[in-house]
Amino acid sequence: MSGPTPAGTWVGALFARELRLSVRVGGGALIGVLFFLAVITVIPFGVGPDLNLLARIGPAVLWIGALLATLLGLDRLFQADRDDGSLDLMLMAGRPLELVVLVKCLAHWAGTGLPLVIAAPVLAIFLNLEPLATGAVTLTLAVGTPALTLIGAIGAALTVSLRRGGLLLAVLVIPFSIPVLIFGVSAADAAITDPTPFLTPFLFLCALTLVASVVGPFAAAMALRFSSD
Amino acid sequence: MAIADLANPTRFMALSGRLLPWLGIACALAFAAGLYMTFFVAPDDYQQGATVKIMFLHVPAAWLAMMCYSVMAVSALGTLIWKHPLADVSARAAAPIGAAFTFLSLITGSLWGKPMWGTYWVWDARLTSVLVLFIMYLGLIALWRTVEDPIRAGKATAVLTLVGAINLPIIKFSVDWWNTLHQPASVVRLDGPAIHPTILWPLLVMALAFTLLFFTLHMMAMRNEVLRRRLRTLQLGAASARTATARPQAAE
Amino acid sequence: MRLIAENLACDRGGRRVFAGVRLSLESGAALVVTGPNGVGKSSLLRVLAGLVQPAEGHVAIEGGDDEATPGEHCHYSGHLDALKPALSVAENLLFWRAFLSAPDEPACFGLAPCDPEAALERVGIGHVADLPAAYLSAGQRRRLALARLLVTARPVWLLDEPTAALDAASEEALTELMRAHVNAGGMVIAATHQPLDLDPVSTLRLEAAT
C-alpha cells in the first residue's frame, strides 16, 4: 500500500512530529545550545583571555563547539523510536526508509542544528569576531551542520541497539566529519584573512553537504534494517 | 548458523590448513631477502644517514594499512550483497591486523620524523591521513566488540566499512588541501620518478614480504575466528537444545 | 484473501527458535498462537510482520495487494505501545494515521478505517484526547495503541499479548474489536495465554521440542 500515496502527507506528518518532540519536554533542542554555550565559555579559560588570539581561533572554536553539540545530541535520533516500538511500525509501513531517515534528520536539524546556527553570532561576540567573520562563520555553520547531522545519522543507526552508544557514535563519526570541519573552518577563515578565496572551500562545503544527504540516509537506512532482526 | 553456514568454512579450514605452512615459508624467505637488501644493498642517504632505512618498514606498513582496508571493504560487500559467511569472518579478522599495520606505520613515521624534522610528530598530510585511518580501524573494532550478536555486528560494521571506503578519498583530499593551506612545502617525496634501483628493489621486496605476512596473519586469524564461532554455536546448543516445532490444529 | 506461511524457521542470536511452522488463515478468521514462554510466539509474529527475516520458509498473502509485502498488510501491536509521552493522545494517533495510511486503502481491502475521534471513543479513552500521553495509565496506553489499529485499515492484525495491562472490562472491549474486525473480513493472529472468544478461531500451539 505504498504505491500511490502522495508523499507529502506522511512526510509532513513525520517532520511535524519530530520537530514537536524535539522542542517539547524531554526533547534535546535547547540542551544543544546550552552545551554550545558551555563549550565556548570554557575555551577562554583554557587558552587565556587574549582577545587577538580568540579572534584568530574563533571560527575554529565555534565550529568545534557546533560539531560536538551536534554529535552528542544525535544518540537518541533512532534509539528513542526503537525503545518505544515506533521504529518497528516505521519499518513495516512500506515507506522508503531512506526518505524516513532524511526527514527525521532534517527535522532534527531544524530542532537542534538551526538553534546552534542562530546562537553562533551571539557567541561570536564572546570570541571577539569581526562582523564579517561572524557572518562567514554563521553562513558556513548553516550550510555545514546539516552534513554533520546526516553523517551522524549513520552512527546513530549503527549504535541504535546499544545502551550507551553516545560516545561510540562520536568515535565512529568524527573521522567522517573531518572534511566538513576542514572546509567549514577554511571558508570562515578565508573571509577574515584572505590568502585563499572564500568561495572555493565554501563550495566544497556545499558539495559535502549534498554528498552527505545521499550517503547518510542510504547507509543509515541499511543499518536500521539490519538492526531490526 | 546451521549446516549451510558451516559447509563453506569447513572447506576453508581444510584448504587453509594445507596452504598455511607454505605461505609462512614464503613470508620468511621474502623477509630474509628484504632485510638483507635493506641493510646491505640499499645505500645510506647522504643527508639522513642510516635513518633512511626506517623507510623500508614505514612505506610497506603504510601500503598494507591501505590494502587491509580494501580487503575489509571487499569483505563488507561480500557480507552485505552475497551474504557469504566467510566474508564476515574475513573482515573481522582483517581489522586488528590493519590497525596493527597502521600503528606500525605511525610509529615508524614518527621515529623517522625525529631526525628529519626534529620532532616526533608533524601534522603532515600523509601522517594525518594515516592517523585518521587508525581511528577508523579502532572505531570499527570497537563497534564489533560492543554489538553482542556476531551476525548483527558483522552487518553493522560492514555498513560502516563501506561508508568509510566512500569517505576515505574525501578525507584524504581534504587533509591534503588543509595541509597545503597551512604549510605549503611538501616534506617527503617518495613517489618522484627518479627513485634509484638500489632503493626501489629492497622496497619492493619488503612490500612483498609485508603482503605475504598480511596474508599469513589474515589466514590464521580467519581460522581462529571460524573456530571461535563453532565454539559459540556449540555452547549455545549446549545451553538450550530447545527447538520448537509446531503444527496448526484444525479450526474448530 | 489468505495469509500463508510455509515451513517457517527463525533464528535469534544464532539459536534456532522454531522450525517447520506452517499456517494458513482465511479472511474472516482468527488464529491464537499459544505455547510456553520462550518458545517463539513473539518471534513468529515478528516474522509474519516482516520485521525478522525467517531463516527458512516464507510468508505470502494471496489475493491482496501484489505491490505490497505481506508485512504491509499487517498491523502489529507488540509489547511496546509506540507512543510518545510528550505528544497528546490525539497527536499520537493522528501521526500514525498519516504515516501508515494510503488514500485508496478502503477500496483496497474492503475494510473501512475509523474516524480518529470515533476510534478513541470505541476504545473508551475519548475523554483524554487532548491530554499528553504521559498522563495515561498503562491500560489507557494500551487502548491508545489499539486505537491505532482502527484508524488505518489493514486486513491482518498481529497482536502480541494484547490483553497485557488490561482489566476484565477492557479485555471484553478488545474481544469486541477483534470480533468486529473478523466479521468485517479481517484476520487476527494473537499470541496469548487467554482463550479468545471469537468465531471461527483456530489454535497454533508451539511446543518446545526436546
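A brief look at the structure comes next. (Residues numbered from 1 in each chain as written. Chains lettered and ligands numbered in written order. Predicted model: local features only at pLDDT ≥ 70, side-chain atom pairs only at ≥ 80, totals over all residues. Heavy atoms only, no water.)

**Some points on the interface of chain A and chain B**
Move 1: Taken together, the contact between chain A and chain B spans 27 residues of the former and 27 residues of the latter.
Move 2: Each partner contributes to the roughly 2,400 Å² buried at the junction of chain A and chain B, and carbon and sulfur atoms together form 84% of this total.
Move 3: Per-residue buried area on chain A facing chain B is highest for L158(A), F176(A) and F226(A); these three make up 26% of the total on that side.
Move 4: For the pair chain A and chain B, the interface holds zero salt bridges.
Move 5: Between the two partners, chain A and chain B, sit zero residue pairs in polar contact (both at pLDDT 80 or more).
Move 6: Secondary-structure elements contributing two or more residues to the side of chain A that touches chain B are α7 (131–158), α8 (166–192) and α9 (199–227) of chain A.
Move 7: Taken together, the residues that form the side of chain A that touches chain B break down as 21 nonpolar, four polar and two charged. (Contact = heavy atoms within 4.5 Å. Buried area = accessible area lost by both parts, 1.4 Å probe. Salt bridge = Lys/Arg side-chain N within 4 Å of Asp/Glu carboxyl O. Polar contact = N/O pair within 3.5 Å; in protein donor to acceptor, adjacent residues only side chain to side chain. Helix = DSSP H or I, 4+ residues; strand = E, 2+ residues; numbered from the N terminus. Nonpolar A, V, L, I, M, F, W, Y, C, P; charged D, E, K, R; others polar.)

**Things to note about the interface of chain A and chain C**
Move 1: Residue-level contacts link 32 residues of chain A with 36 residues of chain C.
Move 2: Summed over the shared surface of chain A and chain C, the result is five salt bridges.
Move 3: Put simply, D84(A) and K84(C) hold a salt bridge, and the shortest N to O gap is 2.9 Å.
Move 4: Where the side of chain A that touches chain C is concerned, the elements lending two or more residues are α1 (7–23), α4 (76–83) and α5 (86–92) of chain A.
Move 5: The greatest single-element share of the side of chain A that touches chain C, amounting to seven residues, is contributed by α1(A).
Move 6: When the residues that make up the side of chain A that touches chain C are grouped by side-chain class, the tally is 15 nonpolar, seven polar and 10 charged.

**Describing the environment of G216(A)**
Move 1: When you line up the elements, G216(A) lands in helix α9.
Move 2: In this view, G216(A) contacts L150(A) and I154(A); residues no more than four positions away in its chain are not counted.

**Some details on unusual backbone geometry**
Move 1: One non-glycine residue, K83(B), lies in the positive phi region at around 50°.
Move 2: You can see K83(B) is positioned in the loop between α2 (55–82) and α3 (85–117).
Move 3: Taking the relative accessible area as the measure of exposure, K83(B) reaches 57% and is therefore exposed.
Move 4: Positive phi, close to 50°, is recorded for N7(C), a residue that is not glycine.
Move 5: If you trace the backbone, N7(C) turns up in strand β1 (residues 2–12).
Move 6: Accessibility expressed as a relative area gives 33% for N7(C), which makes it partly exposed. (Buried < 20%, exposed > 50% of the residue type's maximum accessible area, 1.4 Å probe, protein only.)

**Examining the pairing of β1(C)**
Residue and element names in this part refer to chain C.
Move 1: Sheet analysis places β1 next to strand β2 (residues 15–26), joined by eight bridges and oriented antiparallel. Along β2, the bridge assignment pairs D11 with R16.
Move 2: Inspection of the sheet shows β1 paired to strand β4 (residues 56–62) by six bridges, in the antiparallel sense. Among the inter-strand pairings, E6 is bridged to a residue of β4, identified as H58. (Pairing = 2+ DSSP bridges.)

**Overview of the packing of α8(A) against helix α4 (residues 125–146) of chain B**
Move 1: Look at α8(A) against α4(B): their axes get within 9 Å of each other, and the N-to-C directions meet at 150°. Considered as vectors, α8(A) and α4(B) are oriented roughly antiparallel to each other. In terms of crossing hand, the pair formed by α8(A) and α4(B) is left-handed. Contact residues: L168(A), V171(A), L172(A), P175(A), F176(A) and I178(A) in α8(A); V132(B), I135(B), M136(B), G139(B), L140(B), A142(B), L143(B) and T146(B) in α4(B).
Move 2: Partitioning the contact of α8(A) with α4(B) into residue classes produces 12 nonpolar, two polar and no charged. (Axes fitted to C-alpha atoms, helices over the stretch in contact; angles between N-to-C directions. Parallel < 35°, antiparallel > 145°, perpendicular 65-115°, else oblique. Left-handed = near helix turned anticlockwise from the far one by under 90°.)

Nothing here speaks to function; it is geometry throughout.
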